[in-house]
Amino acid sequence: MVAGAGGAPLTGNGYYFHMIVLFTDFGLEGPYIGQVQAVLHRQAPGVPVINLVSDLTPFDIQAAAYLLPAYITGFAPGSIFLCVVDPGVGSDRPAVVVRADERWFVGPNEGLFSILARRSAEIDCWELTTPAGASSSFHGRDVFAPVAAQLARECRYMGKPVSAIRLDQPDWPDELPQVVYVDRFGNLVTGVRASSIDGDAVLVANGHVMNPARTFSSVTRGEAFWYENANGLVEMAVSQDSAARVLGIDRGEIFALQTG
Amino acid sequence: MVAGAGGAPLTGNGYYFHMIVLFTDFGLEGPYIGQVQAVLHRQAPGVPVINLVSDLTPFDIQAAAYLLPAYITGFAPGSIFLCVVDPGVGSDRPAVVVRADERWFVGPNEGLFSILARRSAEIDCWELTTPAGASSSFHGRDVFAPVAAQLARECRYMGKPVSAIRLDQPDWPDELPQVVYVDRFGNLVTGVRASSIDGDAVLVANGHVMNPARTFSSVTRGEAFWYENANGLVEMAVSQDSAARVLGIDRGEIFALQTG
Amino acid sequence: MVAGAGGAPLTGNGYYFHMIVLFTDFGLEGPYIGQVQAVLHRQAPGVPVINLVSDLTPFDIQAAAYLLPAYITGFAPGSIFLCVVDPGVGSDRPAVVVRADERWFVGPNEGLFSILARRSAEIDCWELTTPAGASSSFHGRDVFAPVAAQLARECRYMGKPVSAIRLDQPDWPDELPQVVYVDRFGNLVTGVRASSIDGDAVLVANGHVMNPARTFSSVTRGEAFWYENANGLVEMAVSQDSAARVLGIDRGEIFALQTG
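All values reported here derive from a predicted model rather than from experimental measurement.

So, the environment of B:Pro177
Thinking step 1. Along the chain, B:Pro177 falls in strand S7 (residues 176-182).
Thinking step 2. Aside from chain neighbours lying at most four places away, what touches B:Pro177 is B:Val192, B:Glu253, B:Ile254 and B:Phe255.

This is the structure we're talking about:
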């Protein structure tokens, strides 16, 4: 990381820039995202806050772990990710601050950063302790948001370093052949990177056989296919329709890839 | 309120800060929140706008009235709340500007500020008149947003003072033993403050008996319990599952509290 | 357009102001809106981004085309609209930059700007080419957002001018007697401007006969009526209830207007 004025990272564009990015299961509804944003705007005034994903599946840490490294690629060095899927909130489950390839991550450490850690070249990790006075059920607002704001202001974390090995869930595979997210259009996002498989591979899910295609418009309306989505993941889709509905597939579906 | 530069309130952190907070039933969908935000950004440039809650139940003023005082506690003095649950929009129902314990509130006066008023130590209140040219159906954009922006710029309201007694709905109880909000996780937020009841109390709802717990992780997976949520309200939950679904309880459910 | 410092438009209020407005079918869920906002904040720092509508019906270009000109009226000259309903993404469908009555528009050109173009007094239009390296499925992030950011910085577009006639779908009527959007309250927004019809007209939809009313509060609770909504469109509503549910009407419903 090239240090700039005030320790802020220098982006490729030649100016200094911070951004706080929310990656949570808090839901769009209700007060949770708003309460986190209020803490961030007050404690890191002027820093843009992007609500990247707030509809991660509650309690499903593994699905989130495979989405995270794919969806951070567009963000500049110095970006700060507040990541929460936290069924263990209020227990003594560990929490961490991670710096991975010049981006920062804050959140509970129950596997959420497992795949990120494996795919990062440079990684540093610190223990995060719960401050007195934090609620027992909303660490996103009371623990992680203040740390994210402090990282935006100071660009460093003064805590007890821990080994990055603690981030990993060794039983989890490098690619997860499972549907990890269903988007608004009914497209089925998976935990497999397109770069890890043969570009001619055939995907079989729920009895449906899908060939690869480059774009939605290169297939017949209503036809099912798989393609490399805009974040590098294998995604199942149906042209101008909902793959979830047409194929009868939901989140969690396991599938097979057969070399073509 | 300690007056700062330009009349802005001085926060506990020693700098001046304003924030406009939306607390509405406008829905996340559709153009309503965006149109309100556009007015605010244009008329109060640079002031952060937080969309705290936009999925309040349409037409249910009472439920919103018990949520409001609980969810404002984290916001600094000087914060401005634009509050709208407004079934009477377009009629001659009154509207008000309220300053309660150094925070500002703008909205229709049909009970929404009733519980807030009872719990505030210092309260001032002004009549808000509908400007000519306002639409008859969208006062959030045409009436309340311009006033909120003006409060952010000028930190005062020059209107006709009215008695704060007009905010109150005298028939409403101080604590409402009813589910007022169901969150994304299926947790059941109630209109009762945890501080108002015995910490050992047993909660009975729809035939289910619930004991208190301090955190989600202190109970067995699948067990129902009640706890003090991160905003001080009694909330029913089921560990790692949806209380709404498991207990068959929806918004509006009335429950009993029995001293343990 | 009165040119200000740096070419920025001078608003009626006498100061310079830009705003980027999102009008899409990307959905509130998932990463799409957040990824677009990240590009905008990085490439046009400090410019407010308003998420006006993100729940346009996927693939329904025509419905969006009748909503667009109604919902831009409150935005200042110089505002930049990023508009995406794009079933043809990844094909060779054309894309455009449009300047219509001092506002900017960026998006795919398959009819989305058809009605806007007809109702604009002054209109300029440029061809937009897909940069190398753009994904084949997410032009909102990779093509349109960078152009919107550049318009915010430079207030002009240096591309190949094309005739505005190319924006039009000549078969589409000037007013569309169809439900084009159902809002959170169950109100039924139509593609007909209230100014285009007799104020006493009777609306007949799905066997229900509706009279005009000025406000929600001027009719009996539970009564169906039509009114001019806050953006000038004919809208069907039921006082304090959901017109969609009560009348059994969904998006796409065609209706008749009878002079009273």
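Points about the interface of chain B and chain C
Thinking step 1. Taken together, the contacts link 31 residues of chain B with 28 residues of chain C.
Thinking step 2. Taking both sides of the interface into account, the surface hidden between chain B and chain C amounts to around 2400 Å²; carbon and sulfur atoms contribute 61%.
Thinking step 3. The largest contributions to the chain B side of the interface with chain C come from B:Tyr32, B:Arg42 and B:Phe59, which together make up 24% of the buried area.
Thinking step 4. For the pair chain B and chain C, the interface holds 0 salt bridges.

What about the confidence of the model for chain A?
Residue and element names in this part refer to chain A.
Thinking step 1. Model confidence for chain A is summarised by a mean pLDDT of 91, while 93% of its residues fall at 70 or above.
Thinking step 2. For residues 1-16, every residue scores under 50 in pLDDT, and the model assigns this stretch 28 contacts once sequence neighbours within four places are set aside.
Thinking step 3. The ipTM for the predicted assembly is 0.92, set against a pTM of 0.93.

What about the sheet that holds strand S10 (residues 208-212) of chain B?
All names here are of chain B.
Thinking step 1. Here we have 7 strands laid out as an open sheet, ordered S7-S8-S12-S11-S10-S9-S13, and mixed in their pairing. Because the sheet does not close on itself, it has two edges, and the strands there are S7 and strand S13 (256-258). Taking each pair of neighbouring strands and ignoring which way they run, the sheet shows an average axis angle of 30°.
Thinking step 2. As paired strands, strand S9 (residues 202-205) and S10 are joined by 3 bridges and run antiparallel to one another. Of the residues in S10, the one forming a bridge with Val204 is Val209.

Considerations on the interface of chain C and chain A
Thinking step 1. Between chain C and chain A, the contact holds 31 residues from the first and 28 residues from the second.
Thinking step 2. The contact between chain C and chain A buries some 2400 Å² in all, and 61% of this surface belongs to carbon and sulfur atoms.
Thinking step 3. The interface formed by chain C and chain A holds 0 salt bridges in total.
Thinking step 4. Between the two partners, chain C and chain A, sit 11 residue pairs in polar contact (both at pLDDT 80 or more).
Thinking step 5. The biggest single contributor to the side of chain C that touches chain A is helix H1 (residues 32-43) of chain C, with 8 residues.
Thinking step 6. Along the lines of polarity and charge, the residues of the side of chain C that touches chain A split into 12 nonpolar, 14 polar and 5 charged.

How each quantity is defined
- Residues numbered from 1 in each chain as written.
- Chains lettered and ligands numbered in written order.
- Predicted model: local features only at pLDDT ≥ 70, side-chain atom pairs only at ≥ 80, totals over all residues.
- Heavy atoms only, no water.
- Helix = DSSP H or I, 4+ residues; strand = E, 2+ residues; numbered from the N terminus.
- Contact = heavy atoms within 4.5 Å.
- Buried area = accessible area lost by both parts, 1.4 Å probe.
- Salt bridge = Lys/Arg side-chain N within 4 Å of Asp/Glu carboxyl O.
- pLDDT = per-residue confidence, 0-100.
- Pairing = 2+ DSSP bridges.
- Axes fitted to C-alpha atoms, helices over the stretch in contact; angles between N-to-C directions.
- Polar contact = N/O pair within 3.5 Å; in protein donor to acceptor, adjacent residues only side chain to side chain.
- Nonpolar A, V, L, I, M, F, W, Y, C, P; charged D, E, K, R; others polar.

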